[in-house]
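# Remarks on the overall topology
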Amino acid sequence: MASEDTKDTVTVGEYLEQQKSLEEEAGEVLPWNFDRCTYSKGHLRQAVYACKTCKPSTGSGPGGVCYSCSIACHADHDLIELFNKRNFQCDCGTARFGGSACQLEPKPQDALNETNLYNHNFEGRFCWCKVEYDPEREEANMHQCVLCEDWFHENCINGEKQGEKNFSLPDLDNFEEYICRTCTSKHSFLKPYKNSHMFFSGQTVRKNDGTKEKDNDKKSKNDQLQVETSASTNKRKLDDEQEIDLKATALPKKTKGDDVCKLERWEPVKNNIDVDLFCIQNWRDELCRCSKCTYLYKSHQIEFILQEEETYEPPQDDDAHTSLFDSGMKLLAQMDRVTAIEGAIAYAKLRDDLVEFLKPFGDSGKTVTEQDIRAFFESKWSERKTSDTNSFF
Ligand SMILES: [Zn+2]
Ligand SMILES: [Zn+2]
Ligand SMILES: [Zn+2]
Ligand SMILES: [Zn+2]
Ligand SMILES: [Zn+2]
Ligand SMILES: [Zn+2]
């Protein structure tokens, strides 16, 4: 434990002065209660954090944990924020985490979330370029694809990073969501939406058709499905799959009346043209819901595209002392004692005591040091040890 007092000092008075902005800031960082793991809620679209510190013993790749576990069980670990991932069950304390227990909810010994999908994001790599994300150094805007939920650099989307700028992205204010070209190739019936007024689009003509995107997600379920729904019985490579269009796919017979497919208005898009879609507000209303298209969404397992998805958020944390508490948290994060005090459930319960403890510092403008915080916790620690009951908190 480092003992340079000066390095780790924080003036509580400063925090109090900036109470409002700090609270907003803290609210952004830790907006929710973190006292419950989402595991028992099953598969949800939720904020997911990959942990680089917890190495899986099973030989599998790194797992992901829910918001609460990211704080309560992995607060001082090397976490990667993956933002929202659909259909994800928290891995904390499962076999993927090699036996380290979840502080919030015990999991069955052999628990393994087999239907979770993992990709390079869980290694901290994003985009087609698979560059490791470094929040300190990353300057380019990134966009999350609605379908694959990977994140892409603007200069990778428009080709600039590869030395050839193929198009300009629309202004950020002008679109709401993004669908990447890998996904429009995988689900090629989406490509013609480039003609719709509800989408801006970027086009890239593939020169060496068939070599560009070979490495992407070959194993995903959608790929397999595309193979299944294709009229061809041959196993296809990803590159060929874009040939699957409305005609090549076994479709239900068209019914009469108003079941007209919107896509028929537009020219089919050539296979060697990659399409990035930038979706403007209410773009989902534009998606065709004819029987053909409904069938396609279903067979490609992308029905979720039709409605804005529900994303789980833990209950709001409306403790008024968030900013002050957060300053304590920052100091705590620098102490190896933290792990000894059983993670952040303990912090949450200690919150009131800690705020009380910090108040005199705030009132007098005195500086609170790591030493002070340590003394506070040590006194709490010994209180606990001498107590028979669970009255520590
Ligand atoms: Zn969890
Ligand atoms: Zn961890
Ligand atoms: Zn946990
Ligand atoms: Zn990139
Ligand atoms: Zn995508
Ligand atoms: Zn249609």
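Quick summary incoming for the structure in this document.

Definitions and cut-offs
- Residues numbered from 1 in each chain as written.
- Chains lettered and ligands numbered in written order.
- Predicted model: local features only at pLDDT ≥ 70, side-chain atom pairs only at ≥ 80, totals over all residues.
- Heavy atoms only, no water.
- Salt bridge = Lys/Arg side-chain N within 4 Å of Asp/Glu carboxyl O.
- Helix = DSSP H or I, 4+ residues; strand = E, 2+ residues; numbered from the N terminus.
- Buried < 20%, exposed > 50% of the residue type's maximum accessible area, 1.4 Å probe, protein only.
- Contact = heavy atoms within 4.5 Å.
- Donors = N, O, S within 2.8 Å, 3.2 Å for Na, K, Ca; no water.
- Tetrahedral: all angles 85-135°; square planar, octahedral: opposite > 155°, others 65-115°.

### Focus: the pattern of salt bridges
As enumerated under the stated definition, the model contains 13 salt bridges in all. Across the pair K292 and E264 runs a salt bridge whose closest N-O atoms are separated by 3.3 Å. With a gap of 28 residues between them, K292 in helix 8 (residues 291-299) and E264 in the loop between helix 7 (238-241) and strand 11 (273-279) connect regions that are remote in the sequence. Residue E264 is classed as partly exposed on the basis of its relative accessible area of 43%.

### Observations concerning the environment of L169
Summarising the element assignment, L169 is placed in the loop between helix 4 (154-157) and strand 9 (177-179). Measuring from C-alpha to C-alpha, the distance between L169 and I157 comes to 8.3 Å, with 12 residues separating the pair along the chain. Look past the residues within four positions of L169 in its chain and what remains in contact with it is H143, E154, I157, N158 and F278.

### As for the environment of G93
Locating G93 in the fold gives a position in the loop between strand 4 (79-88) and strand 5 (125-126). G93 gets classed as buried once you look at its relative accessible area, which sits at 16%. When the C-alpha atoms of G93 and P106 are compared, they prove to be 6.9 Å apart, with 13 residues separating the residues in sequence.

### Let's talk about the coordination of the zinc ion (ligand 6)
Bound to the zinc ion (ligand 6) are the protein donor atoms C261 (SG), C288 (SG), C290 (SG) and C293 (SG), situated 2.2 to 2.4 Å from the metal. Around the zinc ion (ligand 6), the four donor atoms sit at angles spanning 101 to 119°, and that spread fits a shape best called tetrahedral. Spacing between the donor residues of the zinc ion (ligand 6) along the chain follows C-x26-C-x1-C-x2-C. Both residues of the pair, C288 and C290, belong to the buried class.

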